[in-house]
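Given next are the chains, with one letter for each unit.
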Amino acid sequence: KRIRKTTTNSQFTQYTTTPLEPGEIVLVGTDGITETQDSRGGLFGRDRLMEIVRGRANDSAEDILEACLTAVDQFRAGLPREDDETLVIIKALE
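Keep in mind the model is a prediction, meaning the values are calculated, not measured.

### Things to note about the nonpolar core
Here comes step 1: Judged by nonpolar contacts, the single largest core of 13 residues is most densely connected at Ile-33, Phe-44, Leu-49, Ile-52, Ile-64, Cys-68 and Leu-87.
Here comes step 2: The set of elements that each furnish at least two residues to this core consists of α2 (46-55), α3 (61-76) and β4 (87-91).
Here comes step 3: Contacts of Ile-33, omitting those with residues within four sequence positions, involve Phe-44, Leu-49, Leu-69, Val-72, Asp-84, Glu-85, Thr-86 and Leu-87.

### Let's talk about unusual backbone geometry
Here comes step 1: Positive phi values are uncommon outside glycine, yet Ala-77 reaches one of about 50°.
Here comes step 2: The residue Ala-77 is located in the loop between α3 and β4 in this model.
Here comes step 3: For Ala-77, a relative accessible area of 59% corresponds to the exposed category.

### Structural notes on the confidence of the model for the protein chain
As a general rule, the predicted coordinates of low-pLDDT regions are not to be interpreted in detail.
Here comes step 1: On average, residues of the protein chain carry a pLDDT of 86, and 83% of them reach 70 or more.
Here comes step 2: Across the protein chain, element-level confidence peaks in α3 with a mean pLDDT of 97 and bottoms out in strand β1 (residues 2-8) with 49.

### With respect to the packing of α2 against α3
Here comes step 1: The interhelical angle for the contact between α2 and α3, taken along N-to-C directions, is 145°, at an axis separation of 9 Å. As for the relative orientation of α2 and α3, their crossing is right-handed in sense. Seen from α2, the contacting residues are Arg-48, Leu-49, Ile-52 and Val-53; seen from α3, they are Ile-64, Ala-67, Cys-68, Ala-71 and Phe-75.
Here comes step 2: Per-class residue counts for the contact of α2 with α3 are eight nonpolar, no polar and one charged.

About the cut-offs
Residues numbered from 1 in each chain as written. Predicted model: local features only at pLDDT ≥ 70, side-chain atom pairs only at ≥ 80, totals over all residues. Heavy atoms only, no water. Core = buried A, V, L, I, M, F, W, Y, C linked by side-chain atoms within 4.5 Å. Buried < 20%, exposed > 50% of the residue type's maximum accessible area, 1.4 Å probe, protein only. Helix = DSSP H or I, 4+ residues; strand = E, 2+ residues; numbered from the N terminus. Contact = heavy atoms within 4.5 Å. pLDDT = per-residue confidence, 0-100. Axes fitted to C-alpha atoms, helices over the stretch in contact; angles between N-to-C directions. Left-handed = near helix turned anticlockwise from the far one by under 90°. Nonpolar A, V, L, I, M, F, W, Y, C, P; charged D, E, K, R; others polar.

What follows is the structure, given as structure tokens:
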């Protein structure tokens, strides 16, 4: 079983327990990923991150992680990291 957490402003507000279905993906990361900025101050954002995960949903967790981290690096375009960047991808096996 897994614990599914719904968050609001980084505070856990609800806990539910359900089994992980085959192929289901769990993503855990720090705000350093979503708050990475480009040269114009734009944020990488959750939507962009989720688009990558959804687009690579048939890939392995390792490949999804690599795609996300590569996209963050490309978005930053050589600018230095301003925060920690931690990302964990878990994918249930069939």
